[in-house]
Each structure stands twice: as structure tokens, then as C-alpha cells.
Amino acid sequence: MKPKHNHKPITTTSATWRILAMLLLAALLVGPAPATVRAGESQLTSQSTLATVRIGSPLAHPGFTCSIYDFDCNQIIDSMDVAAVASHWGCAQGNACYVPVYDLNNNGKIDIQDVELDAAQWGCQFGDACYNANVWTSNGPWGGNVPFIAVDPVVPQTVYAVTDTGLFKSLDNGATWSLVSTVIFTEGLRTLVVDPAIPDTLYAARPLAVLKSTDGGETWRLASNGLGDDAWIYTLTVDPSDSHTLYVGTDRGVYKSTNGAWSWNAVNPGLTSVHALVVDPISSSTLYAGAYGDGVLKSTDGGVSWSAANTGLSTLYIDGLVIDPITPDVLYARTNDSLDDVGVFKSTNGGETWSAANTGLTYHDVFELVINPTTPTTLYAGTWNGVFKTTSGGATWDLVGQTGIGVTALAIDPWTTDTLFSGTFGNGILRSTNGGGSWHVVNNGLAAVPVYSLAIDPTTPETIYAGTDYGVHKSIDSGGSWSLGNLGQQELRVRALVINPWIPSTLYAGTFNGVFKSVDAGGSWTMPMVNIYRYILGLAIDAVFTETVYAAGLYGVIKSTNGGVNWLPTGTLYTLPYTTVNAVAIDPTNSSILYAATAYGGMFKSMDGGTHWQWIKTGLTNLQMSAVAIEPTTPSTIYVGTHGSGVFKSTDGGAMWYPANIGMTDGDVSSIVIDPSMPSTIYAGTWGGGVFKSTSSGAMWNPINNGLPGTDVSALAIDPENTSILYAGTDGGVFTMKSGGGDPPPTETPPPIPTETSTPTATATTTATATATATATPTHTATATSTAIPTITPTATATETATPTVTPTATATETATPTGTPTATATATATPSRLWLPLILH
């Protein structure tokens, strides 16, 4: 592959070479700062010998040949070299290691091609810093709830989308999205309006405040002066002829601003609960209000006085109004009233009379109604069953797409009126460029899918499942991309996932509608029986007898012994007054021992597979339990998370509990996971504080939230093969930390600095250690193989012209045969020729 940019490699004369060598030697002595390799940089500068790189590539290396002690940069260093060799020598992600780096390609230079390939491998974009340690990154799942969409009428290609996560913005007509603000979107936004005349000016209304942005939504200021502290705001609109004039509808009627929302005055004699407002685009003193319970009201004096305009309306619960921009006596009123089930009404005489306009509109709960500004006889209606379109001013309607999807927002591009955006309930944004004739998902970067549960395939950890409100998303590339395997209904609210450890294609999903099962790796789902047990919040599967599954939820702990076909309540826990159970866990060494974390009653323990339960709450100062985790090597050690009081720990199987919260600044714990390879390392997800990590068995915690845009974390999972990789389920999708979660780098002894008079020598000591553990079962056979990592301590000095070579050989073999069938074998062999480069591996 040819370089995309003409960056020349560094070349030097012999004299310059010596100068560079001396400068670099001086730099080594004073300790240069690490250099961050960015996607798009043509080379590592010769002034720095510490290169920040990212490791973890599974690529094998065919041989070891060249040193990078080459100050005129005539040796190649690319991601494959660094990743493969660093992995071979046991340098963990995020650690500072002294490792050999080799030239596998020998193209004689460090060029842009190396950086491009490396960036592509790790999914980094050109110009991004791709190798920062301890940083969370996300690639979805994209989508989520989108209740509001607004197209900028001043700046082409600019679109705004409101989600549960925050405000997203697109500068390329929806092709890509980026999060621009989370500040105003935590209290239930009611509407978003783009100023029709002033670039980058937006208004947002939420229940108790109006806010204004003048920088495209990045920052917001309160703009509620005169509204009072307790006015409940439903809607906001801007006068199309004078954008400094605005109106808001509240539970106390209508308020008006004539100075761009900086102050407000009431224009609402007798009005209440105003949900909709429109201004006549030709005569701005005329406006209409849609009220909940009072129907449509009209003012012809800028809101000073109002009169009812309800003749012909069969309901007085009006949710929205649309006015014809060319013929403003034509108006449309939409309803979302399930009692009257009426849909759309139309007036052709300025609201004096109304008539139903619903023919063909089979779904009458209309969430949004928009009108084509250039062809106003064309309107679109967003309903619970897709998008409907009329080209006859409401005389007839046709379904034009998104059948079965709840459409909560619609917006027409004023620059190209055949382009239409649809915001959905759970499916993100769809775009049509042919007036609704066809639709395409445009969710790239729209990280707004709340993830409540995670599960990783134990045999193929690149496969990850994420439970959301709309089904189970699946990734087969470690979270790089996602697909949705819907469970057949909207809003299932998947709160728990568990995988059969022996047959990973079988998994269970705990939902608000019961327990679903898939036997084809999430491709399809069934509910084996009509499940009377709903609102499932936690799942656990017996690792030995995998047909035994436990589900926790509103009905306590229920149990199936036939793979989810039938469920029955477990013992005495079911009869307690606080039966809601948020989590259940099985002792990994004795599957008869269970722990149940209840919502209000503390912890319970069963020694007989749930037949009987005992209350284990001694030491718990908070009985609102939310999560439980058992240490895999010492199962008498248990951690539980609480709502409000952080983490509690027991070292005697729950007989006594004590708090383990030092450093944990947020006590609302949602999830706990333990590193299976190093049980003293524990992670806790919180609602409000992000992720915390302890490397001291809970004695001390530190936040690890760099790159995590939100603070609400509902689920955590650790890669079973590479435990330095951590996944977090958040309100904005799945985030991945591939650096081990923030461990401080170990103390390293650097290799000697080259001098001009020394004779090259090198020694190496190689050791290898292998540990194998296996658990036997009477019905399964497994074989596990691992490769031991040799630890190498180099010492070398070299002259300018010397090429030291050392060939260590180390072989370690260990075979462990536990009681039972499985056998584990670990082997390590190292015979490379090498030289040394200090690297900060991120």
C-alpha cells in the first residue's frame, strides 16, 4: 500500500548521525517525555526514544532480526512489530516495559504507511491519539431513543438530535453524529428549536426551565427570567418573522419574550396546560395554542387575549399544531389521546371549524406531525406503527415505512424537502431522501443505546452480548461493531444475560416480560413457556449442571432445572415481604450455595440450591442490595453493592459484613466484577460515578473514567482470556478499556545507554512459569492450553558501530492433571536474537 501523504524519511550524513547520537544520548540522560504516536504522523522523531504504542495484536512474529537503535531512522517500526514482540515478552497493556522491537518488513524507513496501518488496525481515525492508556472507547451499539430532531434552517447539512444520553449533532446531514452536550438533557427535555435566522442559536425547554445556546449546542445558559421557579414548561416556539420573539406553553398558560428569551412575561389570561404553539408566518400577531383539556385557542393580538376555537373537535386534548406556511388559514391539530383515539384534525378557516383528517391513518396516536414547507399539501405523521404520509392535505394517508417502529420525531430538511429524518423509540434515526419512499438507518456515532447487561462468550471472547430496552445486541469483534437480534417485541428491557459455559451458543435473557432463551448465539429467541414470572433483574447458571438456571426479580428467586422450560419459585425467600431480588450468584466451587441480593432486605444465602434461605445481614448498614460477586479462588469472600452505601465485603461466606469503600466517591453501585486472573483486582460500576477499581481486594478504590462521557454505568464484564480488557454498559452504549483499567506502570530497569567507547556485551536470564488449573465434571471433557511468558532481564552496552547479539534459550513445560477428565498444559520457549528499546506500552 502506498503512503497517502508524501512524508520523506529522515536521512542524515555520517557526521549528522554522530551529532544525533550524542543528542539522543543526552536526551536519554535527562529522561525525555514519552511521545504519543498519532494516526497521521509520518515518523517517530529521532529526538525521542520513548514511543507510546498500543499492544495486543494476536499476530505471530516469524523471526527477530533488527534493533531500532538506528538514529537516522532507516529501520521500520510498525504496529505488528511492537504488538507481537511486546505480547511475546509479557508486557501487559498499559505497563512501561523494556522490550525488543524487530524489523519484519525491512522497507528502510518509518513512514506514513506504518501509522496508517496501525491506526486502521485499532480503529483510530487520522489525527487521533490512538495509543493513550486507560482510556474508554466506544463503537456502539449506535441508536437509542430520539424524541426530538431539528434541522438547522441557516447552516446546511446541520442536524440536531436529542437522546436520553444528550444532544448529538451532525454536520453531514446525518451521515455521522457526535455528542455535543449532556448538560441539559438529564431532566426530561420537552422540545428543541433552532433559531430560523441566527446561526448556531438554539433553544431548549425542559419542565422547569428554558435554556439557550449560541454556539451550536456546546454550552447552554439559563434563560428563564420571569417564568418563575415552578412553571412546568411543555413547548416553545419562535416567531418566524422575528426570531427575537418567542413563546412558551406552560401549566399556567403562555409566556412571551421579545429579547431572545432573556426575559419573559405572561400573556395567558385563563389558559392552563398549553402543549402546543404556532405563530402565523405572515401575520405574527396571530397565534394558536393547543391545550390539554381546553382544545385550541387563538389570539390575534400577540397573546394579549385568547378565544376558544374548538368547533368540530371531538377531543379537547391537543398535543401539537402545524400551520401551512403559504396559506396560514390552514392548520392541523394532532392528538395523542388513547381514550378518544382521534388522530389528526384540519381547519381551513383559521381555526373557526375543524374536521377529522384520518382516512388511512390506521394508528391515531400521532407523536409528531410535520409539513413540507414548499409543498404544504404534503405532511408526515409519526405514530407508534411507523410513518404515514399524505399528499392531499390530510384527505388520505399511506404508511410509507418503519412498520412496527415507534416514530417519536420527524423533521424535514428545508434545503432539500424530499429529505426527511425520523427519530424512533429505540432504533435511533432513519433518513429518507425520496419523500419517505425508502429509509436508511443513519446512526453512525449516535451512542445513545442504554446497556443494562453484558455477557461474553467464554470460548470466543470476541463475541459480546449487550442487553438493552429493545433486545440483545451482539458483537463478534470485541465491540467494534454491533447487530441487533430483537426478541420479537418492543421495549423488552433486557436486564440480565447469562451464557451456558459448556454450550456458548445457548444463552438466556432476563426481561421485564420473563426469561427468553436462544440456542443459536442470539440469532433467534423463544420464551419456552408462558411465563408468569416477569420483571427479571438477574440470572445465574449452574456451571456443572447447566440445565439449572436461576432468575432473580420481582418474584424473588425462581429456578429451572430443564433449561428454562419450566420455572418454580425457590424456598422461603419467596415468602418474605422483600422478595424483589436484584442479583443472584452461585458459589463457583459448590453450586448448591447461592447468594441473593434483595432490593430492600439485605443479603440471603442458600446451602441447598434454593430450597431454604437464611438471612445474612450482620454488619450491613444498608439493606438495599444491587449487586453481588464471589471471589473465584476464595468463594468465602463475597462483595455486594448497595444503593447509596457503596460496597460491603465478607470473608466468611456472609456471616459478617463490613464496608469496603475508601476512595469510592459514589455509593450507588450497579455492578461488581472480579478479575479471575488476579482476584485482588475488582471493578465496581455505579449510577452517577462511573467505574471504580480496586487492586487491594476492596481496601482502596480509584475512579477510572477517562473517556467515559457519562457517569451512569449499569453493567461490567471482563474478557475471560485477556483480563486487562474491561467492558462497561452505560447509558451511551458499550465502552471498552483495553489497558487494564489504570494500573500504575511497574518499576523498570532500563538497558544501559550506548557509548562510543564500549564493547558490546549482552546477557540474558530467562525464566518461565506456568500454572494450570482445571475443574472436572462427570459429563464434560475439556482441554486447556496456555503459553507461558518468559521474563527477561537484559543488560547491554554498545558502541556506535557494534551490533550486539545474544541468544537466550529457555524452555519450561508443566502439565497439570486434576481429578477428573480435563487436562491443562502450559509450554514456553524463547530463542530470539534481540536488542533493546525502551517503550511505554499503552
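Criteria and thresholds
Residues numbered from 1 in each chain as written. Predicted model: local features only at pLDDT ≥ 70, side-chain atom pairs only at ≥ 80, totals over all residues. Heavy atoms only, no water. Helix = DSSP H or I, 4+ residues; strand = E, 2+ residues; numbered from the N terminus. Areas by Shrake-Rupley, 256 points an atom, 1.4 Å probe, with all protein chains shown as cover. Polar contact = N/O pair within 3.5 Å; in protein donor to acceptor, adjacent residues only side chain to side chain. Pairing = 2+ DSSP bridges. Axes fitted to C-alpha atoms, helices over the stretch in contact; angles between N-to-C directions. Buried < 20%, exposed > 50% of the residue type's maximum accessible area, 1.4 Å probe, protein only. Salt bridge = Lys/Arg side-chain N within 4 Å of Asp/Glu carboxyl O. Contact = heavy atoms within 4.5 Å. Patch = residues over 30% accessible without salt bridge, like charges linked within 9 Å, V, L, I, M, F, W, Y side chains within 5 Å. Phe/Tyr/Trp six-rings, centres within 6.5 Å; stacked < 30°, edge-to-face > 60°. Lys NZ or Arg CZ within 6 Å of the ring centre and 35° of its normal. pLDDT = per-residue confidence, 0-100.

## Some remarks on the overall build of the protein chain
Check the secondary structure of the protein chain and you find three helices and 68 strands. Split by element, the accessible area of the protein chain, about 33,800 Å² in all, is 53% carbon and sulfur.

## Some points on the side chain of Thr163
In this structure, Thr163 sits in the loop between strand S7 (159-162) and strand S8 (167-170). Among the polar contacts listed, one links the side chain of Thr163 to the backbone nitrogen of Thr165, at a separation of 3.0 Å. At a separation of 2.9 Å, a polar atom in the side chain of Thr163 contacts the main-chain carbonyl oxygen of Gly166.

## Examining the sheet that holds strand S28 (residues 386-390)
Each strand in a sheet pairs with another by means of backbone hydrogen bonds, the pair being arranged parallel or else antiparallel. Taking strand neighbours across the sheet as the criterion, the four strands line up as S26-S27-S28-S29 in an open arrangement whose pairing is antiparallel. In this open sheet, the two strands that pair with only one neighbour each are strand S26 (366-371) and strand S29 (398-401). The sheet shows a mean angle of 30° between the axes of neighbouring strands, direction not considered. As paired elements, S26 and strand S27 (residues 379-383) share five bridges and run antiparallel to each other. What sits directly across from Ile371, in S27, is Leu379.

## Overview of the sheet that holds strand S59 (residues 726-730)
In space, the four strands of this open sheet follow the order S4-S60-S59-S58, with antiparallel pairing throughout. The sheet is open, and its two edges are formed by strand S4 (137-138) and strand S58 (713-718), each paired on a single side. Two elements, S4 and strand S60 (residues 733-737), share two bridges in a ladder whose sense is antiparallel. The partner of Thr137 across the bridge, within S60, is Thr736.

## What about the pairing of S27?
The element S27 is extensively covered by neighbouring structure, given that five of its five residues are classed as buried. Burial along S27 is two-sided: Leu379, Ala381 and Thr383 facing one way and Tyr380 and Gly382 facing the other are all buried. Here S27 runs beside S28; their pairing, made up of five bridges, is antiparallel. Looking at S28, one finds that Gly382 is bridged to Val387. Counting the residues between successive antiparallel strands, the hairpin from S27 to S28 contains two residues.

## Details of the pattern of salt bridges
Summed over all chains, the structure comprises two salt bridges. Across the salt bridge formed by Asp230 and Arg252, the nearest N and O atoms sit 2.7 Å from each other. Residue Asp230 is found in the loop between strand S13 (221-222) and strand S14 (233-238), and its partner Arg252 is found in the loop between strand S15 (246-250) and strand S16 (253-257); the two are separated by 22 residues along the sequence. Between Arg495 and Asp469 there is a salt bridge, with its nearest N and O atoms 2.9 Å apart. Remark: Asp469 occurs in the loop between strand S36 (464-468) and strand S37 (471-475) and Arg495 occurs in the loop between strand S38 (483-485) and strand S39 (496-499); sequence separation between them is 26 residues.

## Quick look at the environment of Leu331
Residue placement: Leu331 occurs in strand S23 (residues 331-334). Exposure remark for Leu331: the relative accessible area of 0% places this residue in the buried category. Residues Leu331 and Tyr288, spaced 43 residues apart in sequence, show a C-alpha to C-alpha distance of 9.5 Å. When residues no more than four places from it in sequence are discounted, the contact partners of Leu331 are Val278, Tyr288, Val322, Ile323, Phe345, Lys346, Ser347, Gly350, Gly351 and Trp354.

## Some details on unusual backbone geometry
The peptide bond linking Gly140 to Pro141 adopts the cis configuration, its omega dihedral lying at 0°. Turning to its location among the elements, Pro141 is positioned in the loop between S4 and strand S5 (143-144). Within the chain, Asn173 stands out as a residue other than glycine whose phi angle is a positive 60°. Positionally, Asn173 belongs in the loop between S8 and strand S9 (178-181).

## Quick word on a nonpolar patch on the surface
A cluster of nonpolar side chains, Tyr292, Leu316 and Tyr317, forms an exposed patch at the surface whose accessible area comes to about 250 Å². One can find Leu316 in the loop between strand S21 (307-308) and strand S22 (320-323).

## A few points about the packing of aromatic side chains
Within this structure, the stated rule accounts for seven aromatic pairs. Ring plane angle 65° and centroid distance 5.9 Å describe the contact between Phe367 and Trp384, whose orientation is recorded as edge-to-face. Here the residue Phe367 occupies a position in strand S26, and Trp384 occupies one in the loop between S27 and S28, the gap between them amounting to 17 residues. Overall, the relative accessible area of 23% leaves Phe367 in the partly exposed class. Arranged with centres 5.7 Å apart and planes meeting at 85°, the rings of Phe425 and Tyr470 form a pair that is edge-to-face. Of this pair, Phe425 sits in the loop between strand S31 (420-424) and strand S32 (429-432) while Tyr470 sits in the loop between S36 and S37, and the two are 45 residues apart along the sequence. Among the aromatic residues, ring-to-ring pairing joins Phe367, Trp384, Phe425 and Tyr470 into one connected group. Geometry around Phe512 places Arg495 over its ring, the cationic atom sitting 5.0 Å from the centre. In this arrangement the basic side chain of Lys617 is found over the ring face of Trp615, its NZ or CZ atom lying 5.0 Å from the centre.

## Some words on the pairing of strand S6 (residues 148-151)
Every regular strand shows the same layout, with side chains that alternate between the two sheet faces. Burial along S6 is two-sided: the face carrying Phe148 and Ala150 and the face carrying Ile149 and Val151 are both buried. Bridge analysis of S6 against S7 gives four bridges, and the strand direction is antiparallel. Residue Phe148 lies in a different strand from S7, and its bridge partner there is Val162.

## As for the environment of Asp172
Tracing the backbone shows Asp172 in the loop between S8 and S9. Its relative accessible area of 29% is what places Asp172 among the partly exposed residues. Separated by 13 residues in sequence, Asp172 and Val159 place their C-alpha atoms 8.1 Å apart. Beyond its immediate chain neighbours, meaning those up to four positions away, Asp172 contacts Gln157 and Arg431. Within polar-contact distance, the side chain of Asp172 engages the backbone nitrogen of Ala175 at 3.1 Å.

## Section: the confidence of the model for the protein chain
Summarising the model, the protein chain shows a mean pLDDT of 75, and 69% of its residues fall at 70 or more. Note that residues 114-132 has pLDDT below 50 and, in this model, 52 contacts with residues that lie over four places away or in other chains. Segment residues 740-842: pLDDT under 50, and 226 contacts once partners within four positions in sequence are set aside and those in other chains are kept.

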